[in-house]
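Chain residues, written in single-letter form:
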Amino acid sequence: MKKFTFEKIIKMKYLLSLLLWVTGVHAQHSKLKINHLSGNIYIYTTYKLFSGSLFPSNSLYMVTDDGVVLIDTPWDEAQFEPLLDSIKKRHSKNVVLCIVTHYHDDRTAGLEFFRKRGIATYSSKPTYDLCAEYKEKQAAHYFTKDTTFTVGGYKIDTFYPGEGHTKDNITVWFAKDKVLYGGCLVKSVENNSLGYIGDANLEAWDDTIETLLEKYPRIAYVIPGHFGWSKGRKSLKHTIKLLRKHEED
Ligand SMILES: [Zn+2]
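Residues numbered from 1 in each chain as written. Predicted model: local features only at pLDDT ≥ 70, side-chain atom pairs only at ≥ 80, totals over all residues. Heavy atoms only, no water.

A.B. asks: Would you explain the packing of helix α6 (residues 205–215) against helix α7 (residues 234–248) in this entry?
C.D. replies: Between two packed helices, both the angle of their axes relative to each other and the distance between the axes serve to describe the pair. Between α6 and α7, the shortest axis-to-axis distance is 10 Å and the interhelical angle comes to 165 degrees. By the angle between their axes, α6 is roughly antiparallel relative to α7. For the pair α6 and α7, the crossing hand works out as left-handed. Residue-level contacts link W205, D206, I209, E210, L212 and L213 of α6 to L236, K237, T239, I240, L243 and R244 of α7. (Axes fitted to C-alpha atoms, helices over the stretch in contact; angles between N-to-C directions. Helix = DSSP H or I, 4+ residues; strand = E, 2+ residues; numbered from the N terminus. Parallel < 35°, antiparallel > 145°, perpendicular 65-115°, else oblique. Left-handed = near helix turned anticlockwise from the far one by under 90°. Contact = heavy atoms within 4.5 Å.)

Below, the structure written as structure tokens:
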């Protein structure tokens, strides 16, 4: 009797892991969403299983005459190749540059893959160092201060506004389209909590967002690291609201 129960448990465990594997494989191989945002800017989203459900992660690419620029890499490693293929197919262009906005793997997972494909990979020096410290994939190059990259006539401004989600999080500004890529420093208006705050600086975070509000009085879109993006500065103000709510709880 005991043996029977044991076997039954083993069988259930096997079926359960098979089910998880099948859904996992399905998730790994089917999820790359590309949305046109504005002008030559596109948002791409990949997914990973996180406490039982698919969790979206946003990144961005910009198409220029001199090639495509990626901001952050797919989180899902099964999408590195499909992303490059989709871009090639859709725009007949190769990716030439990838800039990552902090050291967590939802930003950096594809750095080594892209470097091997001849793409110039960049992060700030603090991100470069934190990637080494936490054994995340590392960019080939780093910049030591806020840097403007000019590709195909487009200006792409990196900016370090201060600590928040992590101590190294930077934002990227696309002046022509007035798009602010906030990454995980900015919460989506769809979020009602701050998400993962294990590496966050909760004291500094709201000042950091205020710095962005001051620096960019007119914004067309802000792109958060996860979930939906929105027009104007709503998600910046929403992030401050969530920080205050967290403080009160
Ligand atoms: Zn994130």
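What follows picks up the thread again.
A.B. asks: Help me understand the side chain of H102 in this model?
C.D. replies: For H102, the location among the structural elements is in the loop between β5 (95–99) and α3 (105–108). What makes H102 buried here is its relative accessible area of 1%. Within polar-contact distance, the side chain of H102 engages the side chain of H104 at 3.2 Å. At a separation of 3.4 Å, a polar atom in the side chain of H102 contacts the side chain of H165. In this structure H102 touches R107, T108, T127, H165, T166, D168, N169 and C184, once residues within four positions along its chain are discounted. (Buried < 20%, exposed > 50% of the residue type's maximum accessible area, 1.4 Å probe, protein only. Polar contact = N/O pair within 3.5 Å; in protein donor to acceptor, adjacent residues only side chain to side chain.)

A.B. asks: Would you mind going over the nonpolar core with me for this structure?
C.D. replies: One finds L60, I71, I156, F174, V179 and I223 to be the most contacted residues of the largest nonpolar core, which totals 21 residues. Apart from residues no more than four positions distant in its own chain, I223 is found in contact with L37, I43, N58, L60, V179, L180, Y181, G182, G183 and W229. Counting 19 residues, the second-largest nonpolar core is a separate cluster that includes I34, Y61, F80 and F114. (Core = buried A, V, L, I, M, F, W, Y, C linked by side-chain atoms within 4.5 Å.)

A.B. asks: Where do I start with the packing of aromatic side chains in this structure?
C.D. replies: Aromatic ring pairs are reported here in terms of the distance separating the ring centres and the angle at which the planes meet. Across all of its chains, the model carries 14 aromatic pairs by this definition. On the numbers, 6.4 Å between centres and 35 degrees between planes, the contact of Y44 with Y61 is tilted. Within this pair, whereas Y44 is found in strand β2 (residues 41–50), its partner Y61 is found in strand β3 (residues 53–64), the two being separated by 17 residues in sequence. In this pair, the class of Y44 matches that of Y61, namely buried. For K125, the ring lying beneath its charged end belongs to Y142, and the centroid distance is 5.2 Å. (Phe/Tyr/Trp six-rings, centres within 6.5 Å; stacked < 30°, edge-to-face > 60°. Lys NZ or Arg CZ within 6 Å of the ring centre and 35° of its normal.)

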